[in-house]
Every structure is written in C-alpha cells, then in structure tokens.
Amino acid sequence: MDQQQLTQLSARLFPDPLPTPQQLEARFAPRSLPEGARVTRFAPSPTGHMHLGNLFSSFISERTAHTTGGVFYVRIEDTDQKREVADGVSAILEDLANFGFTVDEGVVSAQQEKGDYGPYYQRQRKEIYHVFAKLLLEQGLAYPCFCTAQELEDLRARQEAEKRTPGYYGPYAKWRDADFDSVLARLDAGDPYVLRLRSPGDESRKVVFEDLIKGKIEMPENIQDVVLLKADGIPTYHFAHVVDDHLMRTTHVVRGDEWIASAPIHLQLFKLLGFKPPKYAHIAPLMKEDNGGKRKLSKRKDPEAAVSYYFEQGYPARSVKEYLLTLANSNFEEWRKANPAAPQDAFPFNVKKMSASGALVDLVKFNDVSKNVIAGFSADEITDAVIDWAKTYRPAYYEQLIRDRAFTRGIFAIGRGGAKPRKDLANFAQCEDYTAYFFAAPTAYEWPENVAPADAAAVLRAYQAAFDPAWDSDAWFGALKALCEPLGYCPDVKAYKKDPAGFKGHVGDVSTVVRVALTGRRNTPDLHAIIQLLGPAECEKRVAGAIAALQG
Ligand code: GLU
C-alpha cells in the first residue's frame, strides 16, 4: 500500500478523533525523581487472591522501588475478560495491604486510582493504545488481518506437516501484503479483524539484552506478525506492556521468566515506536522439593502456594516477608544475624543479587524463620496479633482471649524479651494448644514414667503443704529442693548422677511432677511464671485435682 492508501485505511480503522503521540508524551511527562530512583509496577490480571509467586514478584518490585526512593504502582491488566473474577481487584489489593506493601500510585483500592499516569485499568486505556496502533499502521508497520480461527488452525497444521516454524509470519502471513482493495472489501463486508504488527524482524539477526537477574540474553529477532489489537480493539499483553510501561515511565519491569520468550517481540515494539525499553528482571518460578527432585510450586497441589494459607494458619505477614527476603537475596540471612532487631525495610535489597534459578520453598525452614520473627514480637504485639487472627479464624478461641486481656498478655509475656527469648511459636494456629492449660485445668496428665503414682502424690502433698504464694522464683526453687530429701529425692542433679541408686530421683523429677500437676504437660515455659499468672487459688485447686487423679 502506498502512503495515501495507508492514510485512508487509518482514517477508516480509527474514525474517532485521537490525541497525537506527542500529546500523550506531554501528558505523561517523564517523572522527576532523584538519580537512581526506580519506577516499578505490579501488573496483575484481576483473577482474585494472590499466590506466593505473585506475592514474591510484587515484593521484588516493591523493594526495588522503595530501596531506591522510587515509585511502586499497581496497574490492572484486565484485557482478558474471560479470566476475570468478581472482586478480583479488591482481593489483590487486600493481599497487598495485609502484607503492608505501600502502593504509591495506580489502583490503590478497588474504588480509587491515584497518580498522573492513569487510567491504571488497561481496558480504560483503549484510546491510548489506538494512538500508537494508528501510528504503526500509517508507517506500514501494522495491518488488519481477517483470518478466521479455522484459517489459522489450517495454517498451523500445514506448517507442522512441512516442519516449519509455526505462526503467522513472512510468507505465511496472508494479509501482510494484501492490496488496498481487498482490505476495503472485507471492511465493507463488516468482517472482523485483528490488527497485526508487520514485523521487520530477521531470524538470522540477534536481539541482545542484559537481564538484571539472568544476565546477558541473546535470542533471534522476532519475525512473527503478532496481534497488537484484538477484534474488539483491546490490546494484547505485548502491545499493552510496551505502551503502558513507556507512558507510565516504568524503569524496571520485574516479571516471571515465562515472559523471556516474548522479550524479542517487546524490544522490537519499543524500537519501532521509538521508546526506550525498560530494564528487565525476569524471576524464576518458586520451586518445591518433591520425591528427591524439584518441581514448580503448584497452585493445584501445594496448599502453601496460596497466600490465604499463611493467613489461615496465622503466620504474620512479617514472617512471610522475612522468608521471601531469604529466598530473594542470599546475603539477607547474614544481614539479619548482624542486625537482629532492624526493620526489614532497612535491608539493602538488590534485584541483581537474585538467583537466576528458582528458589526452593521449604516449609521447615520457613517455620524456623517465623519462630524467630515471632520471638521478636513484644508481649503486646503478639497479644494483639493473636487476638486479631483468632477473631477471623477461631471465634471460640477469640472469646477466651479477650475475656481478660491482661491475663492473655501475661501468657504471651512468659519467656519473651531478654537475650534468649523462647522460639516455640511458628504461627498463631499453634497458640490455641500452646495456651490451653492457662484457660482450663488439665484433664489429662503426662506423668513422668520414672515416678510412681504414689510418689508423685506424695510430692504434691508436700508441695501443697509448703507452698507460699509470696515466693519469688529463687525462693520457689529453693523450696522444691527442700522438699527433696524427706521424700527420697536428691536436691542436686550432679550429686544424684554420682549415686543414682541412693535416690528415687532428683529435684528435676520433683519439679516435673509439679509442672504436670499444674499444666498436664512435661514441657512448658517457665513454671514459676505460670504459677504467678494462674494465682494461688487456681494452683491449689489444680494440685488437689492432680492428687485425686493419681489416687483414682
Ligand atoms: N498481567 C501479567 C501477568 O499477570 C503481568 C506480567 C508483567 O508483569 O508484565 O502475567
């Protein structure tokens, strides 16, 4: 087609007045940000709650922006209505908010957009895409294609039989060089069409780019006449990515490495439109160990792939982020050791330090990380967090927790703070069992096997008789020692080890009996602190109950 025909065709395909590319460039002017500040985005399709992989990549984007004083924005990629779910956007934003991600710009809530580069819903940007589609068309770099689905399928079958690269390109691109009149005839007939790129690519030439994570990538140029606008005028991912990330002035595109294969298309489009391409950081998918091998973490098979799993189990967002940081940058753990109390945001995250291969999600390791995180919570922090969690996920437990907040706080305060805080909670779902004996006297007892029931009862009777609520921790333990000898137990563990035959046991056994009587369990946090919290009346009742159980 000659220039005049292209101009006519453009007027026919884009009859409505559109802004010029220059006007758009002016409207979405380059951002004035400090040197080195990065602009990143999270660009989900509105398909509902996030998976760990989405969370990981949005976190990498967020950190990349916020460790450089840049901007992190959210753009909703709603070009594929078939995949959309009701409230899909709210669900995503809720997940982001639950993880405490600050969204500076874009779709900040389902009702609200913020920033000068919008609209941030792709379906509302149709006109903007048309400006650049028209530009390409007028330069002979795009054309309408009227092929039906059947024709495309036949083409694929033919290419397969001929063992040729599949796709719509070069000699196989039926409408690439169609004459003006046949295009007009189809338009007059009202036939649907898509707008395709007229790719100037040459497979024997290479496109080279430096991926921030994967390093230098070299691939053949794109030769496919990919679809830019679908039959309804909505862009494909390829075209929308290029137009949006240019106009929204994204500097760093962080996305899954399944997009690497399409990078030659994107770089070609950036070039043809005269846009500077962003830097790319392609993230490998999260992996999981399975039967001695590794596979991708699967939404279908692995409950821990869903972000909701972490909320349901009561893992604090901070634990999940702490773990994702260990997966993202191998120097994070060392930094954490050196800065145990520093906020996560203080870590100098660097996208370039990410591993090119997929990080392994390991729940055992994750639980360790989470135990450390929860151990760092203050008593008030954990009390509020557990109450908040239980309100949604364990309503009966919630009622128990809020009956007397000071008491609940007292439970969580035991063994907290100090140089060596207890690290026994990985999530809040464990709290119900962990705190059970504070709320109800034990009904079952883990009596030590090496103490006969009659001896245990004798220990408890002596303890009961001696007990003084005024004892501090040292006085209390002194009193336990004093009980030992009359009952045939050794007050000193070392002395006992020298002469085990001379005693029924040692002071440790005596304290275990008291512990089991009060809590039902052999392992608990500091027993004296538990006694203080339960109070003398409750303790007395429990010891009496345990004696009765032993005699029963
Ligand atoms: N909407 C795309 C996806 O969900 C975004 C990819 C990108 O970040 O560019 O896969």
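Numbers given to residues run from 1 along each chain, matching the order in which its sequence is written. Predicted model: local features are reported for residues with pLDDT of at least 70 only, side-chain atom pairs are reported and counted for 80 or more only, and whole-chain, interface and lining totals are derived from all residues. Hydrogens and waters are ignored; side-chain quantities use all the structure's heavy atoms.

*Asks:* Which residues make up the side chain of Glu 105, and what values do they have?
*Replies:* Residue placement: Glu 105 occurs in strand 3 (residues 105-109). Under the rule applied, a polar contact is a pair of N or O atoms within 3.5 Å (in protein, one hydrogen donor and one hydrogen acceptor; residues adjacent in sequence only if both atoms are side-chain atoms). A polar contact of 2.8 Å, which involves the side chain of Glu 105, links it to the side chain of Arg 31. Within the structure, Glu 105 has its side chain in polar contact with the side chain of Tyr 120 (distance 2.7 Å). Setting aside residues no more than four positions away along its own chain, Glu 105 makes contact with Arg 31, Val 71, Phe 72, Tyr 73, Val 74, Lys 114, Gly 115, Tyr 117 and Tyr 120. Per the convention used, a helix needs a DSSP run of H or I reaching at least four residues, while a strand needs a run of E reaching at least two, with both numbered from the N terminus. In this description, contact between two residues means that some pair of their heavy atoms is separated by no more than 4.5 Å.

*Asks:* Summarise the nonpolar core; cite the residues concerned and give the values.
*Replies:* Counting 127 residues, the largest nonpolar core has Phe 132 and Phe 239 as the members making the most contacts within it. With sequence-adjacent residues up to four places away left out, Phe 239 is seen in contact with Tyr 129, Phe 132, Ala 133, Leu 136, Leu 228, Leu 229, Leu 269 and Leu 273. Counting residues in hydrophobic clusters, the runner-up holds 34 residues, among them Ala 457, Tyr 463, Val 510 and Ile 530. Remark: nonpolar core denotes a set of buried residues (Ala, Val, Leu, Ile, Met, Phe, Trp, Tyr, Cys) joined through side-chain atoms within 4.5 Å. Here's how the labels work: a residue is buried when its accessible area is under 20% of the maximum for its type, exposed when over 50%, partly exposed in between, all with a 1.4 Å probe on protein chains only.

*Asks:* Explain the layout of surface pockets to me, using residue names and the numbers behind them.
*Replies:* Both site types are read off a 1 Å grid over the protein atoms alone. A 1.4 Å probe that fits but cannot get out defines a cavity, while an open set with protein on both sides within 12 Å along at least five of seven lines defines a pocket; lining residues have an atom within 4 Å of a point. Grid points are joined across faces, edges and corners, and a volume is the space filled by probe spheres set on the points. Here the largest pocket defines a volume of roughly 1200 Å³. Residue lining of the largest pocket: 39 residues in total, with Gly 53, Asn 54, Glu 258, Trp 259 and Lys 299 positioned closest to the centre. Mapped onto the lining of the largest pocket, the elements with two or more residues apiece are strand 1 (39-42), helix 3 (52-66), helix 8 (237-247) and strand 10 (252-256). Residue contributions to the lining of the largest pocket peak at five residues, all from helix 3. Here the nonpolar group is Ala, Val, Leu, Ile, Met, Phe, Trp, Tyr, Cys and Pro; Asp, Glu, Lys and Arg are the charged ones; every other residue, Gly included, is treated as polar. Partitioned by chemical class, the residues of the lining of the largest pocket number 17 nonpolar, 12 polar and 10 charged. Taken as a whole, the second largest pocket holds about 690 Å³ of empty space.

*Asks:* So what's going on with the site of the ligand? Which residues, and what values?
*Replies:* A single heavy atom is enough: if one lies within 4 Å of a molecule or strand, its residue is considered near that molecule or strand. As a matter of local geometry, the ligand sits amid Arg 41, Ala 43, Ser 45, Glu 77, Tyr 237, Val 254, Arg 255 and Trp 259. At 2.8 Å from a nitrogen atom of the ligand is found a main-chain nitrogen or oxygen belonging to Ala 43. At a separation of 2.4 Å, an oxygen atom of the ligand approaches a polar side-chain atom of Tyr 237. A molecule is counted as occupying a cavity or pocket when more than half of its atoms fall within 2 Å of that pocket's grid points. The site holding the ligand turns out to be the largest pocket. Tallied by class, the residues present in the shell around the ligand amount to four nonpolar, one polar and three charged.

*Asks:* How would you summarise the sheet that holds strand 6 (residues 194-197) if you had to cite specific residues and measurements?
*Replies:* Pairing between strands is defined by DSSP: at least two bridges between the two strands are required. What the three strands build is an open sheet, ordered 5-6-9; its pairing is antiparallel. Of all the strands in the sheet, the pair left with one neighbour each is strand 5 (142-145) and strand 9 (227-229). Direction aside, the axes of adjacent strands within the sheet are offset by 45° on average. In this structure, strand 6 lies alongside strand 9, joined through two bridges in antiparallel fashion. In the sheet register, Arg 196 faces strand 9, and the bridge partner there is Val 227. Of the strands in this sheet, strand 5, strand 6 and strand 9 touch helix 5 (residues 126-138), which is tilted by about 100° from strand 5. For helices, the axis comes from a line fit to the C-alpha atoms of the stretch in contact; other axes are also lines fit to C-alpha atoms, and the angle between any two N-to-C directions lies between 0 and 180 degrees.

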